[in-house]
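# Residue-level structural notes
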Amino acid sequence: MTLRVERAGPLALVVDGGRRGVRHLGVTQGGAMDWISLGWANWLLGNAPDAAGIEVMVGGLSLVAEADTLLALAGADLAATVDGAPLTSGQRFTLKAGQTLAFGGPQSGLRAYLAIPGGVLADPVMGSVTSTVREGLGGLDGQGRTLQVADRLEGADRQARQASLARPGQLPEEARSTLPASGVTAGGVAAGGVAAGGVAAGEAVAGENIAGEKNIVRLDLVPGAQIHAFSGTSLFRAFEQQWQVDQRADRMGIRLTGTPLDCAMSGMVSEGIPLGAVQVPPDGQPIILMNDRQTIGGYPRLGALTPQSCARLAQCMPGAAVRLAPMSPERARHEYLQQLAMWKM
Amino acid sequence: MPRLETVAFDSLIVRLFDRIDEAHMPWVLAAVDSIRDALGELALEVVPSYTTVLVQIDIKQLALPEARARLSQALMGLEPRDGEAGTLHEIPVWYDVSVGPELPLVAERLGTDINEVIQRHTARDYSVFALGFAPGYGFMGLIEEAMATPRLKTPRQKVAAGSVGIADRQTAIYPAPSPGGWNLLGRTAVKLFDRQREGYTLFRPGDRVRFVAIDREAFMAQGGDTTPQPGVGSERPNGEGRS
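This one's a predicted model, so the numbers in the text were calculated from it and none came from an experiment. (Residues numbered from 1 in each chain as written. Chains lettered and ligands numbered in written order. Predicted model: local features only at pLDDT ≥ 70, side-chain atom pairs only at ≥ 80, totals over all residues. Heavy atoms only, no water.)

Here we come to the interface of chain A and chain B. Taken together, the contact pairs 52 residues of chain A with 50 residues of chain B. Summed over both partners, the interface of chain A with chain B buries about 3800 Å², with 58% contributed by carbon and sulfur atoms. In terms of surface lost to chain B, no three residues of chain A exceed A:H24, A:L25 and A:R333, which account for 17% of the buried area on that side. Taken together, chain A and chain B are joined by one salt bridge. Among the ionic pairs, B:R15 bridges to A:E271, the shortest N-O distance being 2.9 Å. Where chain A packs against chain B, one counts eleven residue pairs in polar contact (both at pLDDT 80 or more). Counting residues per element, the ones that place at least two in the side of chain A that touches chain B are strand 13 (213-223), strand 15 (253-257), strand 16 (271-272), strand 18 (287-289), strand 20 (301-305) and helix 8 (329-342) of chain A. Counting residues per element, the side of chain A that touches chain B draws most heavily on helix 8 of chain A, at seven residues. Looking at the side of chain A that touches chain B residue by residue, the classes come out as 24 nonpolar, 16 polar and twelve charged. (Contact = heavy atoms within 4.5 Å. Buried area = accessible area lost by both parts, 1.4 Å probe. Salt bridge = Lys/Arg side-chain N within 4 Å of Asp/Glu carboxyl O. Polar contact = N/O pair within 3.5 Å; in protein donor to acceptor, adjacent residues only side chain to side chain. Helix = DSSP H or I, 4+ residues; strand = E, 2+ residues; numbered from the N terminus. Nonpolar A, V, L, I, M, F, W, Y, C, P; charged D, E, K, R; others polar.)

Okay, structure coming up:
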């Protein structure tokens with residue numbers, strides 16, 4: 001089985017669970033921004049949840065199958081089609097020899113994940129095949145570049161694991177309630193269940209939103225780090241106001257805009273940064289540090305988003321409305337373990 | 001006793017000090033050893049910086065309170081690691097205005113000439129405090145107080161690989177082309193990050209670095225790139241290019 005890239009789109013990357021045990025060398029984590037959707041795409045094929053797949057941001061990618069190939073798609077609805085016929089996100093399907101899988105533009109969510117039997121075949125660099133463009137590590141060529149026209153994607157296995165074929169070809173009910181905010185589009189308008197087709201995006205969104213505020217995405221934050229350096233008023237503002245996802249967003253960090261927060265601490269000595277850290281530079285506008293963040297930094301932080309909330313944020317378009325909600329580390333761990341347990345089904 | 005602070009659902013910061021000092025490094029490195037000994041494979045990441053160590057635990061195996069208990073036990077009675085244990089690296093640098101455009105600026109601040117800036121930058125050994133910003137990038141210091149120079153108001157969009165710079169009382173080498181706001185003094189041909197190298201990076205926290213001035217011919221003979229440093233551009237969109 002081989003897929004040939006016919007059109008590359010703005011940002012399609014090979015991603016897996018990211019690099020481990022390398023941050024003390026200044027090397028970033030990388031990996032799937034919405035790790036839950038990658039996990040579900042892999043689940044549909046019987047792969048490990050963090051097996052290498054393709055992260056398609058915004059769309060534009062098109063792939064031609066050179067032989068019949070079993071694939072799975074999850075995450076954002078990027079108006080995917082097979083030879084022009086709409087293909088719903090959240091299912092396993094066969095791309096027949098000569099057929100083209102193409103991604104249009106974002107209908108709901110930002111990042112779609114394509115899984116291939118056994119995971120995308122590539123030589124790992126420092127233990128991972130994930131592409132980190134900024135560092136020039138990983139991907140098909142080992143140099144971290146994005147997918148390019150004429151690239152060829154191979155799976156590490158010829159076909160899906162037998163176990164997966166006993167699974168339904170579509171994502172289960174449980175997946176729907178944990179899918180990231182795929183209904184949240186620009187301006188915080190929910191696209192609703194219809195736009196996303198088979199996957200009931202409307203329901204998924206409702207499950208992750210603030211009660212009574214349908215179009216606002218809830219981001220759970222484990223308080224910590226320098227949170228005590230923020231004034232009471234600022235903490236009130238941090239958790240009570242509605243923030244907007246800014247245009248300035250990439251795999252390193254996503255800015256939120258709103259009424260600024262004040263921190264008594266102006267500068268601090270740089271220290272290690274966990275995934276989802278919510279740092280507040282002097283302009284008072286938080287930046288959520290994501291998968292490709294730098295390994296150490298010197299801005300005060302409120303704490304860090306849970307991994308589930310990072311996945312949801314990765315699907316938010318600029319303009320989306322979000323709220324920060326405090327969550328205990330115990331609860332965050334419980335929810336994380338629950339997510340991992342679902343993939344054992 | 002170091003403080004243990006929660007920074008994420010699966011991460012703690014071990015805070016040992018509040019300010020940057022070369023004398024702190026042996027303590028930070030000793031803490032890294034203790035943490036690795038206490039947690040073994042349960043520590044997914046152990047990231048030392050100037051005054052702290054970030055520990056990401058394997059949350060599937062271990063809950064945060066238990067990690068905290070094990071770490072406080074391990075860090076009790078911490079003794080500094082031998083200060084001489086780090087490797088001393090000699091780094092040849094071609095100091096020249098074409099690749100170190102801030103040489104005149106630093107000279108002006110010191111009220112002296114470029115040659116003296118070079119002499120003073122090469123006069124002391126620097127400690128590697130932390131790796132970060134980019135693979136293999138070492139934050140080093142401290143440069144003499146009189147030479148301390150703030151970061152550029154507008155960072156460059158592209159700093160050439162091998163560039164040697166200073167910011168405040170720190171000095172560093174850019175391992176790869178990247179945006180950056182440090183004052184550039186020269187360039188080295190030494191590779192700081194090499195995926196073929198055992199351990200990948202040339203520097204480790206706690207190592208010591210001595211810069212040695214070389215001329216253009218020697219720099220070229222070592223494979224150095226003499227392409228002049230392009231001018232100052234605009235800031236990165238997300239404000240992450242702090243170094």
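For the rest of this paragraph, the subject is the sheet that holds strand 3 (residues 43-48) of chain B. All names here are of chain B. Read from one edge of the open sheet, four strands run 1-2-4-3, paired in antiparallel fashion. The strands lining the two open edges of the sheet, one partner per strand, are strand 1 (3-8) and strand 3. Shown here is a sheet whose adjacent strand axes are inclined to one another by a mean of 20°, direction ignored. Lying on the sheet, helix 1 (residues 25-39) is in contact with strand 2 (11-15), strand 3 and strand 4 (52-57); it crosses strand 4 at an angle near 15°. (Pairing = 2+ DSSP bridges. Axes fitted to C-alpha atoms, helices over the stretch in contact; angles between N-to-C directions.)

A separate point is the domain arrangement of chain B. All names here are of chain B. Considered domain by domain, chain B is made up of domain 1 (3-74) and domain 2 (88-221). The interface is formed by eight residues belonging to domain 1 together with twelve residues belonging to domain 2. Both sides of the domain 1 and domain 2 interface together cover about 810 Å² of buried area, and 64% of this is carbon and sulfur. When the area that domain 1 buries against domain 2 is broken down by residue, the three leading residues are E22, M25 and Y50, summing to 63%. (Domains from an automatic or database assignment.)

When the charged atoms of two side chains lie near each other, side chains of opposite charge can form a pair. For the coordinates displayed, the defined rule picks out 24 salt bridges over all chains. A salt bridge links A:R251 to A:D292; the nearest nitrogen and oxygen atoms lie 3.0 Å apart. Residue A:R251 is found in the loop between strand 14 (243-249) and strand 15, and its partner A:D292 is found in the loop between strand 18 and strand 19 (296-297); the two are separated by 41 residues along the sequence. The exposure class assigned to A:R251 is buried, which follows from its relative accessible area of 7%. Through salt bridges with shared partners, a single ionic network connects A:E271, A:R301, B:R3, B:E5 and B:R15. (Buried < 20%, exposed > 50% of the residue type's maximum accessible area, 1.4 Å probe, protein only.)

This part is about the sheet that holds strand 10 (residues 108-115) of chain A. Residue and element names in this part refer to chain A. With antiparallel pairing, five strands are arranged side by side in an open sheet as 2-3-10-5-8. Each having just a single partner strand, strand 2 (11-15) and strand 8 (91-95) make up the two edges of the open sheet. Across the sheet, the mean angle from the axis of one strand to that of its neighbour is 25°, orientation sign disregarded. As defined by bridge partners, strand 5 (residues 69-77) adjoins strand 10 across five bridges and the pair is classed as antiparallel.

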